[in-house]
Amino acid sequence: MRSNRREFLRKAGIATMGMGMFPTIVKSSVLGLNGRVSPSNKIPMIVIGCGAMGNANLNTFISFDDVKIIAVCDVDHTRTTDSKKIIDTHYGNNDCRMYGDFREMLEQEQSDTAAISLPDHWHAIISCATANKKIDIYGEKPLARYLRESRAIADTVKRNQVIWQTGSQQRSVESFRHAASLVRNGVIGNVSAVEVGLPDGGTYIGNPQKMDVPENVNWDMWLGPAPKVPFRGILHWHWRWIMEYSGGQLTDWAGHHIDIAHWGLGLDHTGPLTIKATGRPNNDGIYNVPVAYDIECEYANGLQMRIANQSRLSHGMGVLWKGSNGWIHVNRHALNASDEDILKVQIDESGIHLYESTNHQRNFIDCVKSREAPITPAETGHRSISVAYLAEIAMKTGQKLYWDPQNERFTDNNIYATRLLQRPYRSPWKIPV
Amino acid sequence: MQHAYCKGLTGPPGKYLYNKPRLSITQYNKIMKALIIEGQNEHHWQRSRTSIALKQIIEKSGIFTANIMVSPARDEDINDFVVGFSPYNVVLLDYTGQDWPEKTRHNFVEYVKNGGGVVVCNKAASAFPGWPEYNEIAGLGGYAGQENREGVSITIQDGAPIYNSAPGKGKEAGQYHEFAVQSLNPSHPILKGLPERWLHAEDMLPAGLRGPAKNLEVLAYAHSYKGYGGSGNNEPVMMTIRYGEGRVFHTTLGHSDNDPLFPPAIECAGFITTLRRGTEWAATGNVLQDVPSIFPSETSSLRWPFYEDIQTDIEAVIQRIQTYETGKSIDCFHILQLLVQENSGDQDSMDILHQQIIRLLTAEETTNDSKRILCRDFSWMANEPYRKVYKKLKENQVISAEAEFALNMMTP
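Keep in mind that this is a model prediction, so the values were computed, not measured.

A word on the overall build of chain A
Across its full length, chain A holds 12 helices and 15 strands. For chain A, buried positions account for 58% of its 433 residues. For chain A, the share of sequence-separated contacts (at least 6 apart) that also reach a separation of at least 24 residues comes to 71%. Split by element, the accessible area of chain A, about 17,700 Å² in all, is 52% carbon and sulfur.

Remarks on the overall build of chain B
When helices and strands are tallied, chain B shows 13 helices and 14 strands. Relative to its 412 residues, chain B shows a buried fraction of 60%. Counting contacts in chain B only where the partners sit at least 6 residues apart, residues at least 24 apart contribute 69% of the total. Only carbon and sulfur atoms are counted for the fraction: they give 47% of the accessible area of chain B, which is about 16,100 Å².

As for the nonpolar core
Of all hydrophobic cores here, the largest spans 139 residues; its most connected members are Phe102, Ile295, Ile307 and Trp321 of chain A together with Tyr390 of chain B. With residues near it in sequence (within four places) discarded, Ile295 of chain A still touches Leu250, Ile275, Lys276, Ala277, Met305, Arg306, Ile307, Ala391 and Met395 of chain A. Counting residues in hydrophobic clusters, the runner-up holds 44 residues, among them Ile36, Ile63, Ile266 and Ala269 of chain B.

Focus: unusual backbone geometry
Cis rather than trans, the peptide bond between Lys141 of chain A and Pro142 of chain A has omega equal to -10°. Examined against the element boundaries, Pro142 of chain A turns out to sit in the loop between β5 (136-139) and α6 (147-160). Between Ser427 of chain A and Pro428 of chain A the backbone carries a cis peptide bond, its omega angle lying at 5°. Its place among the elements puts Pro428 of chain A in the segment after α12 (415-419). With phi around 50°, Asp158 of chain B is a residue other than glycine that occupies positive phi space. Positioned with a positive phi, Phe306 of chain B is a non-glycine residue whose angle comes to about 70°. Secondary-structure assignment places Phe306 of chain B in the loop between α7 (269-284) and α8 (314-322). A relative accessible area of 2% means that Phe306 of chain B is categorised as buried.

A closer look at the packing of aromatic side chains
All names here are of chain B. Inspection of every chain in the model, using the stated rule, returns 29 aromatic pairs over all chains. Between Phe108 and Trp131 the ring centres are 6.1 Å apart and the planes differ by 65°, which places this aromatic pair in the edge-to-face class. Of this pair, Phe108 sits in helix α4 (residues 102-113) while Trp131 sits in the loop between β4 (117-121) and α5 (132-138), placing them 23 residues apart in sequence. Judged by relative accessible area, which is 0%, Phe108 ranks as buried. For Trp131, a relative accessible area of 4% gives the class buried. Through successive ring pairs, a cluster of aromatic residues spans Phe85, Tyr95, Trp100, Phe108, Tyr111, Phe128, Trp131 and Tyr134.

Some remarks on the confidence of the model for chain B
Summary statistics for chain B give a mean pLDDT of 88 and a share of 89% for residues scoring 70 or more. Within the model, pLDDT remains below 50 along residues 1-22 of chain B, and this stretch shows 66 contacts once partners closer than five positions in the same chain are excluded.

Re the sheet that holds strand β14 (residues 246-251) of chain B
Residue and element names in this part refer to chain B. Read across the open sheet, the nine strands follow the order β2-β1-β3-β4-β14-β13-β12-β8-β9; overall the sheet is mixed. The sheet is open, and its two edges are formed by β2 (64-70) and β9 (197-203), each paired on a single side. Looking at each pair of strands side by side, their axes are set apart by 25° on average, direction ignored. In the sheet, strand β3 (residues 90-93) pairs with β4 via four bridges, with the strands oriented parallel. Paired with Leu93 across the two strands is Val120, which belongs to β4.

Looking at the sheet that holds strand β4 (residues 113-116) of chain A
All names here are of chain A. Within the open sheet, the six strands sit side by side as β3-β2-β1-β4-β5-β6. Their pairing is parallel. Each of the sheet's edge strands pairs with one partner strand only, and the pair in question is β3 (97-99) and β6 (164-166). Averaged over neighbouring strand pairs, the angle between their axes works out to 20° when direction is ignored. Inspection of the sheet shows strand β1 (residues 43-48) paired to strand β2 (residues 67-73) by six bridges, in the parallel sense. Opposite Ile43, over in β2, you have Val67 as the bridge partner.

Observations concerning a negative patch on the surface
A surface patch of like charges, here negative, comprises Asp75, Glu76, Asp77 and Asp80 of chain B. Positionally, Asp75 of chain B belongs in the loop between β2 and β3.

Some words on the side chain of Asn107 of chain B
Residue and element names in this part refer to chain B. Structurally, Asn107 is set in helix α4. Asn107 sits in the buried class, given a relative accessible area of 17%. Contact partners of Asn107, with chain neighbours within four places excluded, come to Val82, Val83, Gly84 and Phe85.

Side note on the interface of chain A and chain B
Listed per partner, the contact involves 41 residues of chain A and 39 residues of chain B. Between chain A and chain B, a total of about 3,500 Å² is buried, with carbon and sulfur atoms accounting for 54% of that surface. On the chain A side of the interface with chain B, the three residues burying the most area are Arg280, Asn283 and Arg419 of chain A, jointly 24% of the side's total. At the boundary of chain A with chain B, the tally comes to two salt bridges. In this structure, Arg280 of chain A engages Glu267 of chain B in a salt bridge whose closest nitrogen and oxygen atoms are separated by 2.9 Å. Seen at the junction of chain A and chain B, the total is 14 residue pairs in polar contact (both at pLDDT 80 or more).

Quick notes on the packing of α8 of chain B against helix α9 (residues 331-342) of chain B
Residue and element names in this part refer to chain B. Across the interface, α8 lies against α9 with an axial gap of 8 Å and an inter-helix angle of 130°. Comparing the axis directions of α8 and α9 gives the class oblique. As α8 packs across α9, the resulting crossing turns out to be left-handed. Packed against α8, whose contacting residues are Ile314, Val317, Arg320 and Ile321, the element α9 presents Asp331, Cys332, Phe333, Ile335, Leu336 and Leu339 at the interface. For the contact of α8 with α9, the residue count by class is eight nonpolar, no polar and two charged.

So, helix α2 (residues 52-62) of chain A
Residue and element names in this part refer to chain A. Those residues of α2 that sit buried are Gly54, Asn55, Asn57, Leu58, Phe61 and Ile62. The buried residues of α2 occupy an angular sector of 160° when the element is viewed end-on, so they sit on one face. In this fold, the buried residues of α2 make contact with β1, β2, α3 (77-91), β4, β5 and α10 (360-370).

Overview of the environment of Ile310 of chain B
All names here are of chain B. Among the structural elements, Ile310 can be located in the loop between α7 and α8. Looking at Ile310, the relative accessible area reads 1%, which means it is buried. The sequence separation of Ile310 and Leu336 amounts to 26 residues, and the corresponding C-alpha distance is 9.2 Å.

Calculation criteria
Residues numbered from 1 in each chain as written. Chains lettered and ligands numbered in written order. Predicted model: local features only at pLDDT ≥ 70, side-chain atom pairs only at ≥ 80, totals over all residues. Heavy atoms only, no water. Helix = DSSP H or I, 4+ residues; strand = E, 2+ residues; numbered from the N terminus. Buried < 20%, exposed > 50% of the residue type's maximum accessible area, 1.4 Å probe, protein only. Contact = heavy atoms within 4.5 Å. Areas by Shrake-Rupley, 256 points an atom, 1.4 Å probe, with all protein chains shown as cover. Core = buried A, V, L, I, M, F, W, Y, C linked by side-chain atoms within 4.5 Å. Phe/Tyr/Trp six-rings, centres within 6.5 Å; stacked < 30°, edge-to-face > 60°. pLDDT = per-residue confidence, 0-100. Pairing = 2+ DSSP bridges. Axes fitted to C-alpha atoms, helices over the stretch in contact; angles between N-to-C directions. Patch = residues over 30% accessible without salt bridge, like charges linked within 9 Å, V, L, I, M, F, W, Y side chains within 5 Å. Salt bridge = Lys/Arg side-chain N within 4 Å of Asp/Glu carboxyl O. Lys, Arg positive; Asp, Glu negative; His and termini not counted. Charge placed at Lys NZ, Arg CZ, Asp CG, Glu CD. Buried area = accessible area lost by both parts, 1.4 Å probe. Polar contact = N/O pair within 3.5 Å; in protein donor to acceptor, adjacent residues only side chain to side chain. Parallel < 35°, antiparallel > 145°, perpendicular 65-115°, else oblique. Left-handed = near helix turned anticlockwise from the far one by under 90°. Nonpolar A, V, L, I, M, F, W, Y, C, P; charged D, E, K, R; others polar. Arc of directions from axis to C-beta.

Here's what the structure looks like:
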């Protein structure tokens, strides 16, 4: 008897919830809210890319009471099915729609926000298409695969006046903010050098043979703008280690630790003036990203930034700012300084107070509502990853690069380096502008 | 990370790009089989994967194909790790950890007794302190932390090995530094034709190794400087051991902890050459490989990233590019990229590289898989002469997309 009653209540609950949610799956502009949600409504969200980061972001957003995930998209049908299951289970319905092509999704769905977590080579096309639909975006770092694409995202976001949060979530972690804040306020004096340690990247799988594409995957769509190549088992996760799709640990982590290094030095809207880099991939194997690298950049006022795989640096992973009055080192496990009193310094009222966020995804949603800039806007994300793009070019050419960060061009008109600011796309895809 | 290995590709192509014949497998009827055992070790084997380097080093001799066998991890059950050694001409040991199961130990001893070849690589020498037969096979071992280890230790004085049988401390590990390797028996097949003294790239020189040292011959030694935490003695670095009918080559060189990704000690031309020759000797009792045309000198070390002499033997790299097919080793393209990177400031060298790439793109013998990669990964550096080459390639339907990519790359 009791269980019947519980069953009845459960069913009734779902029905009520379903009705109550009706307005949230209608784009708010339809409701005459001037294109924006009313705070009392749930914010509709679409999820593009249902891999590890896609699901991590999905699981965070789904936990917010004011967000409603309405549809998912991936070129791997197994993955959309799995993500739909998470979403439908959470909402207790069967409403989440699935897509294999983002164009169809953007055409069909009326959403205010999108969470985009894709292999890097797909970032620019999909981010710009989404921003052009006036959809606010939580986009995974690195911003894109090449510098010109990354610039296109920042410009498209600005032009459409959409909110963009780059997934450089360390900015929303207190230890990083504390470190950056101390450096920014001159607690260690004048900073003339900074070292950024990123992971060693020694993954190796040899030279796999051609093989059949899994039935659940649209391989041509997975490749998108990248060259058409036979399937050799390179798919989810593996893309990180192949230059056509990503730049390995360097471009994965530049969006974290170079991002923090910039934050502490107020360099969010500029970049290096010169770049020199060496790097090597594994001696053999299909993976061709640099696994060991050492990069020297010079910024305005002679500031030197060295970026290297962690084995090369005395402090390993993280950011080490070296000032005239001491140093501060921060990574995900530790915050240290040359003198522990440095870490106890309180920034007074008149000091520089860095943007404060304690939850990166929450900060995005709050900004979607307030229309304020989030903690890591597109321009910031673009500047953080630009250093890695330029380093890749310096490695490939073996040349020292002379860069004008304001106009984003090489001051010596280096034509070979200029070519590498972007790679041509495979037809029919067009590089966004 | 600047290396001297591929600087100075200057002058006319004929000067440096000569076609150096590699050792042909026909000299051995068929390619020989090597087994590399790894899976547990004292240092960061998981990161450095020395076994992959060993495989690439010996396979690039042209006379071996190597299988890597990974044992269960240190905290896993090793009882099912049963290995048969008889299919192999030579076994390379890059293993220090749990004792192998009885069956594997038995197989190993029988294999060596009956004429099998073994290469003991640095820390593997002390893999099994409690296994007497193994210690005879390895000859000497390092047993760090054991104060009164029994066995003989060997130092070299006035060109002769001195055997010391008083029990003593196990191995002392010095700091990483470059040191000179001195031949003791320069006429041994492994060392014949090589300079008698050469500077080894940064490595850790083990000192005070102890063991049964039966039927052991020291081939080369190095001085262990006290200033680097060493013993102050001349210590053996390469030796051979005879066990039954078997031949063992034991090298104490090749530590990788100081740069796990690209260890200088393993990229050292001297280490690579002696490992190759030692492996061949262990497998056959003879060494037919040519001595390399360049080698570290007494005062300057020499590194070969990719484990080959890419400066003087670039033709071999070009040949591999020409015959590349999807699924084969891609290292030839990495080497080409490295040559471009290292020579970018030298117009003469770059001219030679451009000529080579254009030759590859135009040659009918070059595979389409190879042309694809050349179009995709090297078109950023194309100068005007490439344009008509790419246009011509565009007519080839199989690679027209890549040729178009290359043309687009030239005019962003």
